[in-house]
Amino acid sequence: MDTKETLRNFEETVNGYIRDLDSTSLEQLLWKPAEDEWSLGQMYMHLIGSAQYMQLRNAALCLEPGDSPKRAEKTKLGEDVFQAGSFPPDRVRVPPSPQYTPLQPDSKEQLVGGLRDTVRLMTEIEPAIAAAFVPVTQGELGSDRESVRNTVLHPRLGGLNALEWFGLIEMHYRHHLLQKARLDNAWREANG
């Protein structure tokens, strides 16, 4: 996985989200097709929050040196996701809960700012991840480097290292394009 290419792809996806926000009303962002579903705004809040408060944090944790390396294996789903370079196109449904259901956004500006902050944070951590992993991916130095072997558990994918957490952010944003298309279509049908 090339960190610079991952970052470029991520920026492209985020720029598409930001362009789409220009032509999306706050009413559309807050609208939900059903009571137990997320709005488009909640989807954006989910993307921003999961990247900033889980995925980037876990990537940074993997890079920290420690007395004993943290290691866990990927699940079968985790292996499949990273082999494919994307999530399966399946819709993931989680029951509404205060811990998991994102809040509605206050404004489009909040979403644009959060998306831009996530790009900034990805840009800031990329050199550290590249420094730790580029020699490994080129067959040099390799597996004696503890930060490369450190993992943090993902609830469904298992143990991921810093490079995988970094790549997961791009895959996650790309995966939610399917949800965005479904919500955009539902809005047009309900308000057309």
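Structural notes, computed from the coordinates. (Residues numbered from 1 in each chain as written. Predicted model: local features only at pLDDT ≥ 70, side-chain atom pairs only at ≥ 80, totals over all residues. Heavy atoms only, no water.)

Direction vectors running N to C along helix α1 (residues 3-22) and helix α7 (residues 162-191) enclose 30°, while the axes themselves pass 10 Å from each other. Between α1 and α7, the angle falls in the class roughly parallel. Handedness of the crossing formed by α1 with α7: left-handed. From α1, T3, T6, L7, N9, F10, T13, V14, Y17 and D20 reach across to α7, where they touch L163, F166, G167, I169, E170, Y173, R174, H176, L177 and K180. For the contact of α1 with α7, the residue count by class is nine nonpolar, six polar and four charged. (Axes fitted to C-alpha atoms, helices over the stretch in contact; angles between N-to-C directions. Helix = DSSP H or I, 4+ residues; strand = E, 2+ residues; numbered from the N terminus. Parallel < 35°, antiparallel > 145°, perpendicular 65-115°, else oblique. Left-handed = near helix turned anticlockwise from the far one by under 90°. Contact = heavy atoms within 4.5 Å. Nonpolar A, V, L, I, M, F, W, Y, C, P; charged D, E, K, R; others polar.)

Before going further, it helps to examine the pattern of salt bridges. For the coordinates displayed, the defined rule picks out eleven salt bridges. Across the pair K74 and E164 runs a salt bridge whose closest N-O atoms are separated by 2.7 Å. Placement of the pair is K74 in the loop between α3 (40-63) and α4 (76-84) and E164 in helix α7, with a sequence separation of 90 residues. With its nearest N and O atoms 2.8 Å apart, the salt bridge here joins K76 to D80. Of the two residues, K76 and D80 are both situated in helix α4; the distance of four residues between them amounts to about one turn of the helix. A relative accessible area of 62% places K76 in the exposed class. (Salt bridge = Lys/Arg side-chain N within 4 Å of Asp/Glu carboxyl O. Buried < 20%, exposed > 50% of the residue type's maximum accessible area, 1.4 Å probe, protein only.)

Our next topic: the side chain of T6. Residue position: T6 is located in helix α1. Those residues in contact with T6 that sit more than four places away from it in its chain are M1, F166, G167 and E170.

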